[in-house]
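Each chain, letter by letter, is given below.
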Amino acid sequence: STSKLSLVDKSLKILVLVINLGVVLATAALPASANSVWVWGNNENAAKYIPDTKYTQAVGSGQAQIERLSPGKYQLTLSGWEKPPPTRSNVQVTSYGVGSAYCKVASWSPSGKTLMVNILCFATGGTPKDSKFSVLISFEDAARTAFAWSSNTVKDHVAKEKFAKNDKQPVFIKRNERGVYSVTFTGFLNNGRKFGNAQATAQGRSQAYCKIRDWKRVRADLTVQVSCFSPNGEVPKN
């Protein structure tokens, strides 16, 4: 039998990040024009805290701070930029721990010389649930990476340049069937590059979530398949 992904609504957005082999995440403090930062949200119950610095890479002399706004709802604040953070960026959020909770990015935006990231976590079924989480943010200067934001999960389209990075090559997003999408980074594997890693997260305030289904290389193009699900885990037909 087959089931339909009836609860993935039109407001769903998808963020995809791909990384070449050979990328090394630095452990020293990044400059005030950082190309990537990462944070481990290690205290899901605290009202406001500074996350574990051993697993956090902030910007310059700045720091990360996480505030729990309500059950399953968090706001990450990253300070330290010399000027407003770049708008061309990609945020990947993953839940952390032994439970079945899942997390996603609701929104992100500069606020003066800080970056605000809103994160939502849910239990299976879509009820808000407190959870630890991991966040990776890549900016337009991140080496050996490409990313895209799918602004329309109903129609095929080219990723908006403001929220995409692929060496000035287009990123094509195709809706294969309900809840299943192909994201093609044209020319990403040119010049002897080798593929290393792909990540995907749903974006928005709905309870839907997304994951990497598979990927394939066609000449120099890299196509990443993404599957998205409703909170109860219904899957699209094969």
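Everything here concerns the structure above.
Presented here is a report on the structure given in the accompanying data block. (Residues numbered from 1 in each chain as written. Predicted model: local features only at pLDDT ≥ 70, side-chain atom pairs only at ≥ 80, totals over all residues. Heavy atoms only, no water.)

### Here's the deal with the overall build of the protein
A count of helices and strands for the protein gives zero helices and 16 strands. Within the protein, the proportion of its 238 residues that are buried is 50%. A separation threshold of at least 6 residues defines the contact pool for the protein, and within that pool the share at least 24 residues apart is 64%. In the structure as shown, the protein presents an accessible area of about 11,700 Å², 49% of it carried by carbon and sulfur atoms. (Helix = DSSP H or I, 4+ residues; strand = E, 2+ residues; numbered from the N terminus. Buried < 20%, exposed > 50% of the residue type's maximum accessible area, 1.4 Å probe, protein only. Contact = heavy atoms within 4.5 Å. Areas by Shrake-Rupley, 256 points an atom, 1.4 Å probe, with all protein chains shown as cover.)

### Some thoughts on the state of the cysteines
Cysteine pairs can be covalently joined through their sulfur atoms, and such a bond is termed a disulfide. The final tally for this structure, using the stated rule, is two disulfides. The partner cysteine of C103 in its disulfide is C121, sulfur to sulfur 2.1 Å. Between C103 and C121, the disulfide has an S-S torsion of 105° and is therefore right-handed. Placement of C103 in strand 7 (residues 102–111) and of C121 in strand 8 (residues 114–122) is noted, with a sequence separation of 18 residues between them. Assessed through its relative accessible area of 8%, C103 is described here as buried. For C210, the disulfide goes to C228, at an S-S distance of 2.1 Å. Classification of the bridge connecting C210 and C228 rests on its S-S torsion, roughly 100°, and on that basis the disulfide is right-handed. (Disulfide = S-S within 2.5 Å.)

### Details of the side chain of T184
With respect to the helices and strands, the residue T184 is situated in strand 13 (residues 180–185). Using a relative accessible area of 16% as the deciding quantity, one classes T184 as buried. If we skip the residues at most four places from it in the chain, T184 touches P170, V171, F172, D221, L222 and T223.

### Considering unusual backbone geometry
For K168, which is not glycine, the phi dihedral falls at a positive 65°. On the secondary structure map, K168 appears in the loop between strand 11 (157–158) and strand 12 (171–177).

### Some words on the sheet that holds strand 9 (residues 132–139)
Strand order in the open sheet made by the three strands is 2-9-6, with antiparallel pairing throughout. Edge positions in the sheet fall to strand 2 (36–41) and strand 6 (89–96), since each of these pairs with one other strand and no more. Here the average twist between neighbouring strands, direction ignored, is 10°. (Pairing = 2+ DSSP bridges. Axes fitted to C-alpha atoms, helices over the stretch in contact; angles between N-to-C directions.)

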